[in-house]
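# Coordinate inspection notes
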Amino acid sequence: MEQLIKQTLSKLALPGIAFADVRVSRTDTEGIYFQNGFMRGYGSSMDSTAIGIRVLINGCWGFAGSQDFTEASLDRLIKTAVENARQGSNFTKGKVSFPALNPIQASHHHKPEIDPFAMPKEEKTAYLAELATALKPAGKIVHSMVSAQFMKQEKYYANSEGTFSHTSYYNTLPVMEVVAAEGSQIMSRTWPGHMSAGRGGFELLHRQKFPENTGRIIKEATDLLSAPVIEEERADIIIANGHLALQLHESVGHATEADRIFGMEISYAGKTFIKPEMLGTFQYGSPIVNIYSDSTDPQGLGFHPVDDEGVPGKRVDIIKEGILVNQQTSRQIAELLGLEPSSNMKASYADDFPLVRMTNFCLAPGKGSLDELIADTEHGYLLDFTKTWSIDDNRNNFQFTTEIGYRIEGGKITGIVKEPTYFGITKDFWNACDRICGPEEWGYHSTFHCGKGEPGQIMQLSHGVAPARFKNINVSVKI
Amino acid sequence: MDNLSYLKSVLDAHPELQYEIVKRFWSTDFLRFYHSQTNYNISKDNTQLSVNIYKGKKSFNFLVDNADREKIDAALQGALDIIDKLPEDPDFVNLESDTTLAKPRTVKNNIEAIPLSLKTRILANVSAAASMYNFDIFGTFVCNYQKYRLVNSNGLDKSSATSPIYLEIKAVHNASQITVLETFGGEDFEYFDDQDFTERLVQKIKYCANPVIDVEPGHYDVILAPRCLAEFVQYLAYGMSARALDQHSSFFEGKVGEKVFPESISITDDPSDPEMIHQDYGSDGHIYRLLPLIEQGVFRAFFTNNYFAHKTGQPKNGNTASCMKIAPGEKSLDELIGGVKKGLYISSLHYMNFINPRETSLTGLTRDGTFLIEDGAITKVVNNLRFTERIERILNNVAALENRCYTIPFSGNYENFDVETVKAPHAYVREFNVSSSTHTI
């Protein structure tokens with residue numbers, strides 16, 4: 001494969017091509033799905049290969065991608081990518097340019113503890129079937145689901161600056177859910193929440209303690225049907241990791257993707273309230289809020305030695321002591337903003353073009369345990385497990401409903417509330433953060449399903465978070 | 001022998017198996033633009049075989065991209081090795097058996113018919129018109145060409161092709177960032193009138209000369225643009241699926257034949273409208289026919305595929321809510337706006353998500369042009385707003401519908417960029433619940 005990529009790249013050494021890169025991906029996926037105690041689907045896709053060719057001509061990008069690796073197809077892709085750039089350059093104002101980088105040779109190959117693709121299929125189904133049986137509808141539980149997705153991806157990257165990278169990794173996404181219903185009410189509980197993916201193989205299912213939590217989610221979903229709602233207008237809330245990861249993702253992660261500043265994603269994903277002049281001065285959060293993008297940590301799904309346009313992996317502070325100090329950028333956008341590229345250009349598969357993407361996007365830990373934080377809260381709610389999420393196209397006004405809220409009185413959990421819903425304005429919300437738990441509570445919460453770009457791409461990425469408290473938040477939304 | 005025929009011949013030698021094979025070819029020419037210039041020109045294609053194999057009530061499925069015999073043999077062997085060891089699905093009865101063929105039609109490949117040079121020429125013209133008002137244009141101009149063939153062990157052998165066009169232009173003011181939107185979608189570019197398209201966009205741009213204000217949360221009379229009404233109905237259609245019924249998350253459970261909305265509300269799923277993107281077959285290969293969903297406010301039918309029709313006992317139709325049409329009313333747009341004493345015009349919606357699908361409660365936001373209406377005229381630009389509502393309540397509060405419909409394209413933007421169209425009029429809705437302001441435009 002390395003030879004094919006280098007040969008393809010050599011055909012792009014043409015006059016007028018200022019920069020070119022070639023990417024190849026080979027992907028295996030497997031998904032197992034149980035519903036209401038029975039297996040409804042077992043699917044696999046093995047050895048799915050793709051290639052993408054990107055060129056910069058006359059200051060304009062052209063891209064072509066395919067899954068066809070025949071010589072005729074590769075020649076067609078080169079011709080199409082070049083033609084796309086040339087035609088596109090007839091409708092431009094400024095020209096894309098960026099400084100050259102030193103070439104890098106990189107290799108990284110991750111091995112899981114339990115390779116899900118080497119494991120007998122019946123062993124995987126038996127494990128999930130046992131969970132599914134435990135969650136079979138009964139009483140007020142009307143629906144249940146258990147699923148696991150496994151992915152192995154091998155990636156090659158080469159560019160006209162001489163950079164070459166070859167990596168491979170395994171990611172796994174297991175989740176289970178029960179739904180309780182009564183009248184028009186419907187309450188769901190998942191475990192371990194919607195950001196339950198991780199780097200690794202089948203060992204993740206063992207670590208996430210699924211069997212130990214079947215009884216808990218059945219009870220909580222059922223109890224939620226008769227639970228009260230939050231009555232007050234405003235309250236202090238502690239957000240636990242099963243939801244805080246998404247709060248961070250939506251209101252800071254996407255907001256600090258700098259392609260949005262320039263309107264490159266306006267037609268689908270949207271814009272951002274951030275302006276270039278805010279860098280270095282904007283008080284995004286309280287002084288205890290430190291947020292960074294880190295593609296150097298191999299424990300997260302966002303790890304890479306080199307991103308998908310040749311920038312070496314980096315850890316970059318985005319918010320430091322509450323102040324917005326940097327952005328997630330591409331080489332083109334970093335040049336426009338006068339920044340160093342942050343190593344955030346990623347494509348889901350090789351036949352997708354790269355976009356500015358979150359990698360491992362993290363809230364740095366503070367101090368203390370979750371128990372200590374609850375004990376320190378006189379009156380408030382502990383919210384966990386995302387149910388509904390929504391944010392405006394400038395990433396400024398968000399509203400979330402979690403699956404469950406735990407009422408805190410006098411430093412102790414005293415009951416549950418259903419459909420806890422809060423909304424806020426991004427800056428006000430992060431400035432209301434007065435406590436973040438310590439490293440002992442910090443961990444990665446990851447997703448397979450971050451959608452962005454047109455044509456659409458679904459990215460796998462991670463968020464490192466520890467539970468945090470936010471003061472005097474508006475919880476008055478009534479449905 | 002092509003790969004699909006080869007796989008079929010191999011599977012036909014296993015009489016103990018049932019199977020469904022779908023071959024899909026998808027290609028796109030995708031122009032992304034920002035600040036009135038090219039961002040990316042993207043060409044992309046893929047071919048995929050999707051195979052479901054059943055042995056009694058046990059099943060396994062696999063995908064093969066860019067298939068060759070070696071890949072097919074390996075995937076099939078893997079399936080045959082495991083299928084006996086898998087648990088059963090007691091609700092599986094049979095595969096689709098509807099062998100009705102759609103009327104043959106000629107499908108023009110719009111990737112070839114609308115080359116990049118034509119796209120950039122059209123965009124340059126729109127850009128020139130917008131720039132007169134200090135607006136740049138942003139968006140996408142997409143042509144797809146896709147082919148599909150489905151065969152199964154019940155004798156189905158069906159082929160279909162479509163070539164959707166999707167043009168979305170957002171005009172953004174270079175100083176204030178006020179944004180307005182115009183779109184075109186369909187399969188026949190003859191319906192695209194570039195002069196009319198540009199005039200409609202410029203009319204919206206002119207509204208943006210008004211001052212920008214915030215409005216307080218509360219209940220407002222609103223004029224929903226066709227795109228908004230269409231999107232609410234798309235979300236509502238989630239509950240019209242037999243899958244949602246099976247999961248007890250449908251608003252329509254137990255309501256077939258019941259009046260759920262005012263008489264002015266009629267919704268059909270109609271695959272044959274020439275202005276829309278055509279649909280020959282549903283996902284199992286069932287013929288796609290006109291299906292009344294809401295008739296004068298009465299709920300008529302769930303969308304059912306073969307599996308969930310059996311499982312829920314609902315009549316099988318094979319529809320997938322891909323071609324929905326909302327019937328028009330009797331008033332002109334001017335009359336609708338003219339009837340609003342104080343309210344809002346909402347152009348487009350963003351990031352909606354259900355809170356409780358059984359109640360149709362959701363939250364979402366406005367985008368791409370929200371305007372204040374005072375004494376029957378648009379007077380101000382309003383910062384984007386959040387709403388927390390129930391779709392059922394919105395439709396029950398429809399006071400009037402416009403007397404014409406518009407074809408609105410929507411992209412199913414996960415993985416392949418698929419396009420579908422909905423036809424809808426403007427709607428006058430009373431007491432729409434605005435729950436907060438975004439304070440941004």
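Small disclaimer: the values here were computed from a predicted structure and weren't measured.

Moving on, we get to the interface of chain B and chain A. Accessible area lost during the coming together of the parts is what is often quoted as the interface size. Contacts between chain B and chain A engage 83 residues on the former and 89 residues on the latter. Between chain B and chain A lies a buried interface of about 7200 Å² when both sides are counted; carbon and sulfur atoms form 50% of it. Contact with chain A buries surface across chain B, with Tyr40(B), Tyr351(B) and Ile355(B) losing the most and accounting together for 9% of the total. Run the count over chain B and chain A and you get eight salt bridges. Where Lys85(B) meets Glu122(A), a salt bridge forms, and the shortest distance between an N and an O atom there is 3.7 Å. Viewed at the interface, chain A and chain B are joined by 56 residue pairs in polar contact (both at pLDDT 80 or more). By residue number, the principal contributor to the side of chain B that touches chain A is strand β2 (residues 37–55) of chain B, which donates eleven residues. Tallied by class, the residues present in the side of chain B that touches chain A amount to 27 nonpolar, 37 polar and 19 charged. Relative to strand β3 (residues 58–65) of chain B, strand β2 (residues 38–57) of chain A is paired through three bridges, and the arrangement is parallel. Across the sheet, the residue bridging to Gly43(A) is Asn61(B), located in β3(B).

The next point concerns the domain arrangement of chain B. All names here are of chain B. By the assigned domains, chain B splits into domain 1 (3–207) and domain 2 (212–437). Computed over C-alpha atoms, the centres of domain 1 and domain 2 are 23 Å apart. In this assembly, 42 residues from domain 1 lie in contact with 37 residues from domain 2. For the domain 1 face of the interface with domain 2, the top three residues by lost area are Glu96, Tyr166 and Tyr207, together amounting to 18%. Where domain 1 touches domain 2, the interface holds four salt bridges. We note a salt bridge from Lys170 to Asp368, for which the minimum N-O separation is 3.0 Å.

Residue and element names in this part refer to chain A. In terms of burial, strand β17 (residues 397–409) is largely enclosed, as eleven of its 13 residues are buried. Taking the residues between adjacent antiparallel strands as the criterion, strand β16 (residues 379–391) and β17 are bridged by five residues, where Arg395 takes a positive phi near 65 degrees. As paired elements, β17 and strand β19 (residues 421–425) share five bridges and run antiparallel to each other. When the sheet's bridge partners are listed, Thr401 is paired in β19 with Thr421. The pairing of β17 with strand β18 (residues 412–418) spans six bridges and is classified as antiparallel. Of the residues in β18, the one forming a bridge with Ile408 is Ile413. The antiparallel pairing of β17 with β18 creates a hairpin that spans two residues between the two strands, and Gly410 there sits at a positive phi of about 55 degrees.

Here we come to helix α2 (residues 69–82) of chain B. With 14 residues, α2(B) should reach 20 Å at 1.5 Å per residue; the first-to-last C-alpha distance of 20 Å fits that figure. Those residues of α2(B) not exposed but buried are Lys71(B), Ile72(B), Ala75(B), Leu76(B), Ala79(B) and Ile82(B). The arc enclosing the buried residues of α2(B), seen along the axis, measures out at 135 degrees, which places them on a common side. Seen from the open side of α2(B), the exposed residues pointing more than 90 degrees away from its buried face are Glu70(B) and Ala74(B). Those residues of α2(B) hidden inside the fold are in contact with β2 and α3 (121–134) of chain A together with α1 (3–12), β2 and β3 of chain B.

Below, the discussion takes up unusual backbone geometry. With an omega of -5 degrees, the peptide bond running from Trp191(A) to Pro192(A) counts as cis. Looking at the element boundaries, Pro192(A) is found in the loop between β7 (185–191) and β8 (198–199). Residue Glu454(A) is joined to Pro455(A) through a cis peptide bond whose omega torsion reads -5 degrees. Along the polypeptide, Pro455(A) turns up in the loop between β21 (443–452) and β22 (457–465). We note that Arg395(A) has phi near 65 degrees; this positive angle belongs to a residue other than glycine. Mapped onto the fold, Arg395(A) is located in the loop between β16 and β17. Of note, His35(B) is a non-glycine position whose phi angle comes to about 45 degrees, a positive value.

So, on to the domain arrangement of chain A. Residues and elements named next belong to chain A. What the domain assignment reports for chain A is domain 1 (2–224) and domain 2 (234–474). Each of domain 1 and domain 2 has a C-alpha centre, and these two points are 21 Å apart. Taken together, the contacts link 57 residues of domain 1 with 45 residues of domain 2. The contact between domain 1 and domain 2 buries some 4000 Å² in all, and 59% of this surface belongs to carbon and sulfur atoms.

Definitions and cut-offs
- Residues numbered from 1 in each chain as written.
- Chains lettered and ligands numbered in written order.
- Predicted model: local features only at pLDDT ≥ 70, side-chain atom pairs only at ≥ 80, totals over all residues.
- Heavy atoms only, no water.
- Contact = heavy atoms within 4.5 Å.
- Buried area = accessible area lost by both parts, 1.4 Å probe.
- Salt bridge = Lys/Arg side-chain N within 4 Å of Asp/Glu carboxyl O.
- Polar contact = N/O pair within 3.5 Å; in protein donor to acceptor, adjacent residues only side chain to side chain.
- Helix = DSSP H or I, 4+ residues; strand = E, 2+ residues; numbered from the N terminus.
- Nonpolar A, V, L, I, M, F, W, Y, C, P; charged D, E, K, R; others polar.
- Pairing = 2+ DSSP bridges.
- Domains from an automatic or database assignment.
- Buried < 20%, exposed > 50% of the residue type's maximum accessible area, 1.4 Å probe, protein only.
- Expected span 1.5 Å × (residues − 1).
- Arc of directions from axis to C-beta.

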